[in-house]
Protein chains: 2
Amino acid sequence: MAQIQGILFDAYGTLFDVHSVVEAGRALTDDPQTLSLTWRQKQLEYTWLRALMGRYEDFWQVTQAALRYALRRLGLRASEAEFARLMEAYLSLRAFPEAKAALERLRGTPLAILSNGSPRMLAAAAASSGLAGVFAHVLSVDAVKTYKPSPKVYELGVQAMGAPAGQLLFVSANAWDVAGAKAFGYQVCWCNRANAPMEELGVAPDVTVGGLDEIPALVRRASAGSA
Amino acid sequence: MAQIQGILFDAYGTLFDVHSVVEAGRALTDDPQTLSLTWRQKQLEYTWLRALMGRYEDFWQVTQAALRYALRRLGLRASEAEFARLMEAYLSLRAFPEAKAALERLRGTPLAILSNGSPRMLAAAAASSGLAGVFAHVLSVDAVKTYKPSPKVYELGVQAMGAPAGQLLFVSANAWDVAGAKAFGYQVCWCNRANAPMEELGVAPDVTVGGLDEIPALVRRASAGSA
């Protein structure tokens with residue numbers, strides 16, 4: 001890897017553990033995992049479809065729509081209060097266990113979040129996870145009214161960090177986001193906690209790690225290599 | 001519905017039954033349904049992701065990539081010949097049982113296909129299904145190098161048919177395609193054979209049918225209503 005002027009992190013699944021969203025489903029179903037997977041899959045699909053249709057709605061609205069679909073698809077009923085509780089899980093996410101220490105060891109390198117989340121959702125998750133103070137920028141797709149993997153979104157990171165994409169490291173746990181960021185021109189680290197297969201989109205990450213705690217050493221090596 | 005100057009049909013799952021793709025999987029796995037579902041899901045995802053990334057590859061290439069992913073994800077191995085046989089299922093699809101008679105009853109109304117399929121894939125499926133002679137136009141996204149639900153794709157139908165979208169009927173079995181066509185401005189018929197829930201994308205079809213055989217009566221009623 002080339003020297004790294006700054007690091008951009010994806011939010012959901014990368015910094016923030018969305019497992020509490022599964023927990024919130026237990027009140028409605030014996031199989032909260034299926035509810036959570038259906039909800040998450042539709043949430044992503046709706047970002048891609050709305051971006052392609054040119055009909056942006058923010059991530060809170062898309063996440064609500066995906067939850068409505070998932071409940072209907074699985075034949076589940078939720079009261080207004082239960083629906084609200086499921087949605088609120090997105091406002092009180094925890095960071096992955098290794099995240100805080102890893103980010104602290106990266107002090108000195110400008111750090112940012114670049115996420116599909118709406119500004120309000122990102123502010124809430126950064127606060128609830130205890131990571132809020134670490135980031136120089138919290139960048140939401142809402143500024144360009146489209147979704148990843150549109151190049152317009154990845155461009156936000158370059159503008160905020162004031163460095164070319166090839167001198168920035170983009171970190172995501174989502175393989176399709178890794179592909180989008182790499183296609184755009186970032187150095188890319190895939191945080192592949194689940195040991196998933198890479199997407200077949202014609203691009204590969206520069207490096208793959210099993211957790212965020214492996215990143216400080218990568219950055220040091222990149223600096224040493226190009227020094 | 002307003003009077004209908006022409007009808008555009010989606011191809012895969014709407015006119016052409018992709019069940020033979022499942023059958024082709026039996027040589028590799030006891031669970032060809034899961035292979036088929038994973039393959040189909042990734043095929044769609046890759047069209048959306050590549051369209052958003054601005055990295056178009058044609059539907060044959062995307063379908064190959066999706067099959068490679070599905071095999072790896074499910075831990076299946078396919079020889080080159082087995083891989084080729086799976087892909088070739090897309091070149092020899094059958095029409096749904098009611099399709100031919102329904103299309104014949106629509107004679108007099110200009111009919112077209114508007115599909116993600118590559119021109120070669122669509123020509124092969126039209127021939128193998130026995131539907132080839134029925135269509136005035138077989139329109140592929142390849143002409144605009146992006147994928148549904150981009151408005152650029154739906155615009156192809158308007159141009160070929162020489163009528164405004166509001167005087168054309170778009171027919172699809174895919175709920176997200178229904179949403180894209182409706183957002184673009186077509187009159188839209190959802191052919192919902194599986195009685196699936198509609199996507200939550202802020203638009204609804206004008207009419208929902210259980211099979212293509214219900215469409216001739218709809219078109220007659222629309223003509224009578226506006227005469």
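Residues numbered from 1 in each chain as written. Chains lettered and ligands numbered in written order. Predicted model: local features only at pLDDT ≥ 70, side-chain atom pairs only at ≥ 80, totals over all residues. Heavy atoms only, no water.

Asks: In this structure, what is going on with the overall build of chain A? I would like to understand it.
Replies: Helix and strand counts for chain A stand at nine helices and eight strands. Here the C-alpha radius of gyration of chain A, 17 Å, is about what a compact globule of 227 residues would show, namely 17 Å. The principal-axis extent of the C-alpha atoms belonging to chain A is close to 60 × 35 × 30 Å. When each of the 227 residues of chain A is scored for burial, the buried share is 56%. Residue pairs at least 24 apart in sequence account for 66% of intrachain contacts in chain A once pairs closer than 6 positions are excluded. As presented, chain A carries roughly 9100 Å² of accessible surface, and 49% of it is formed by carbon and sulfur atoms. Taken as two groups, the 22 positive and 21 negative side-chain charges of chain A have centres that lie 3 Å from each other. (Helix = DSSP H or I, 4+ residues; strand = E, 2+ residues; numbered from the N terminus. Rg over C-alpha atoms; globule rule 2.2 N^0.38 Å. Buried < 20%, exposed > 50% of the residue type's maximum accessible area, 1.4 Å probe, protein only. Contact = heavy atoms within 4.5 Å. Areas by Shrake-Rupley, 256 points an atom, 1.4 Å probe, with all protein chains shown as cover. Lys, Arg positive; Asp, Glu negative; His and termini not counted. Charge placed at Lys NZ, Arg CZ, Asp CG, Glu CD.)

Asks: Please clarify how the sheet that holds strand E7 (residues 187-191) of chain B should be interpreted in this entry.
Replies: Paired through their backbone hydrogen bonds, the strands of a sheet run either parallel or antiparallel. Residues and elements named next belong to chain B. Taken in spatial order, the six strands make up an open sheet running E5-E4-E1-E6-E7-E8, and their pairing is parallel. Every other strand in the sheet has two partners, leaving strand E5 (137-140) and strand E8 (207-209) as the edge strands with one partner each. Across the sheet, the mean angle from the axis of one strand to that of its neighbour is 25°, orientation sign disregarded. Seen against the sheet, helix H6 (residues 119-129) touches strand E4 (111-115) and E5 and runs at an angle of roughly 145° to E5. (Pairing = 2+ DSSP bridges. Axes fitted to C-alpha atoms, helices over the stretch in contact; angles between N-to-C directions.)

Asks: Help me out: how do you make sense of the packing of aromatic side chains in this one?
Replies: How two aromatic rings sit relative to each other is given by the distance of their centres and the angle of their planes. Residue and element names in this part refer to chain A. Evaluation of the coordinates by the stated rule reveals 29 aromatic pairs over all chains. Aromatic side chains Tyr12 and Tyr90 sit 5.6 Å apart centroid to centroid with 75° between the ring planes, which places their arrangement in the edge-to-face category. Taken together, the residues Tyr12 in the loop between strand E1 (6-9) and strand E2 (16-17) and Tyr90 in the loop between helix H4 (80-88) and strand E3 (94-95) connect sequence positions 78 residues apart. Pair check on accessibility: Tyr12 and Tyr90 agree, each one buried. (Phe/Tyr/Trp six-rings, centres within 6.5 Å; stacked < 30°, edge-to-face > 60°.)

Asks: Help me understand helix H7 (residues 151-161) of chain B in this model?
Replies: Residues and elements named next belong to chain B. For H7, the complete set of buried residues consists of Val153, Tyr154, Leu156, Gly157, Val158 and Met161. Contact partners of the buried residues in H7: strand E1 (6-9), E4, E5, strand E6 (168-172) and helix H8 (175-184). Once H7 finishes, Gly162 follows within two positions and takes phi at roughly 65°, a positive value.

Asks: Please explain the relation of the copies chain B and chain A as it appears in this structure.
Replies: Applying a rotation about an axis and a shift along it to one chain copy brings it onto the other copy. With an RMSD of 0.0 Å, the operation that places chain B on chain A is a rotation of 180° combined with a shift of 0.0 Å along the axis. Those values place the two copies in the arrangement expected of a two-fold rotation axis. Looking at the interface residues of chain B, 100% of them are also at the interface in chain A, so both copies use one shared face. (Least-squares fit on C-alpha atoms with pLDDT ≥ 70 in both.)

Asks: It is not clear to me how the pairing of E6 of chain B should be interpreted in this structure. Could you clarify?
Replies: If a strand is regular, its side chains alternate between the two faces of the sheet. Residues and elements named next belong to chain B. Within E6, five of the five residues are buried, which leaves it mostly tucked inside the rest of the structure. Burial along E6 is two-sided: Leu168, Phe170 and Ser172 and Leu169 and Val171, pointing in opposite directions, are all buried. Here E1 runs beside E6; their pairing, made up of four bridges, is parallel. Bridge pairing in E6 links Ile7 to Leu169. With four bridges joining them, E6 and E7 adopt parallel strand pairing. Within E7, the residue paired with Phe170 across the bridge is Val188. Running through H8, the crossover from E6 to the neighbouring parallel element E7 is right-handed. (Right-handed = clockwise from strand over helix to strand, strands pointing away.)

Asks: Would you mind showing me how to read the confidence of the model for chain A here?
Replies: When pLDDT drops low, the exact placement of atoms in the prediction is not to be read closely. Mean pLDDT over chain A works out to 95, with 99% of the residues at or above the 70 mark. Confidence metrics for the complex model read pTM 0.96 and ipTM 0.96. (pLDDT = per-residue confidence, 0-100.)

Asks: Explain the domain arrangement of chain A to me, please; I cannot follow it from the model alone.
Replies: Residue and element names in this part refer to chain A. Under the domain assignment, chain A is made up of domain 1 (6-16 + 93-226) and domain 2 (18-89). Between the C-alpha centres of domain 1 and domain 2 there is a distance of 23 Å. Facing 18 residues of domain 1, the contacting portion of domain 2 comprises 16 residues. In this assembly, domain 1 packs against domain 2 so that about 1400 Å² is buried in total across both faces, 64% of it on carbon and sulfur atoms. The interface formed by domain 1 and domain 2 holds zero salt bridges in total. Here the side of domain 1 that touches domain 2 is built from residues that sort into eight nonpolar, six polar and four charged. (Domains from an automatic or database assignment. Buried area = accessible area lost by both parts, 1.4 Å probe. Salt bridge = Lys/Arg side-chain N within 4 Å of Asp/Glu carboxyl O. Nonpolar A, V, L, I, M, F, W, Y, C, P; charged D, E, K, R; others polar.)

Asks: I'm lost on the sheet that holds strand E5 (residues 137-140) of chain A in this one. Help?
Replies: Residues and elements named next belong to chain A. An order of E5-E4-E1-E6-E7-E8 is seen for the six strands of this open sheet, with the pairing classed as parallel. Looking along the sheet, the strands with just one partner apiece sit at the ends: E5 and strand E8 (207-209). When strand polarity is set aside, the average angle formed by the axes of neighbouring strands in this sheet is 25°. The pairing of strand E4 (residues 111-115) with E5 spans four bridges and is parallel. Looking at E5, one finds that Ala112 is bridged to His137.

Asks: I tried to follow the interface of chain B and chain A on my own but got confused; where do I start?
Replies: Many structure descriptions define interface size as the accessible area lost when the parts assemble. Counting from both sides, the interface comprises 31 residues of chain B and, opposite them, 32 residues of chain A. Buried area between chain B and chain A, both sides added, is near 3000 Å², and the carbon and sulfur share of it is 61%. The interface formed by chain B and chain A includes six salt bridges. Arg72 of chain A serves as the salt-bridge partner of Glu200 of chain B, at 3.0 Å between the closest nitrogen and oxygen. Between the two partners, chain B and chain A, sit 16 residue pairs in polar contact (both at pLDDT 80 or more). Mapped by element, the contributors of at least two residues to the side of chain B that touches chain A are helix H2 (32-53), helix H3 (59-73) and H8 of chain B. Looking at the side of chain B that touches chain A, the element that brings in the most residues is H2 of chain B, giving ten residues. (Polar contact = N/O pair within 3.5 Å; in protein donor to acceptor, adjacent residues only side chain to side chain.)

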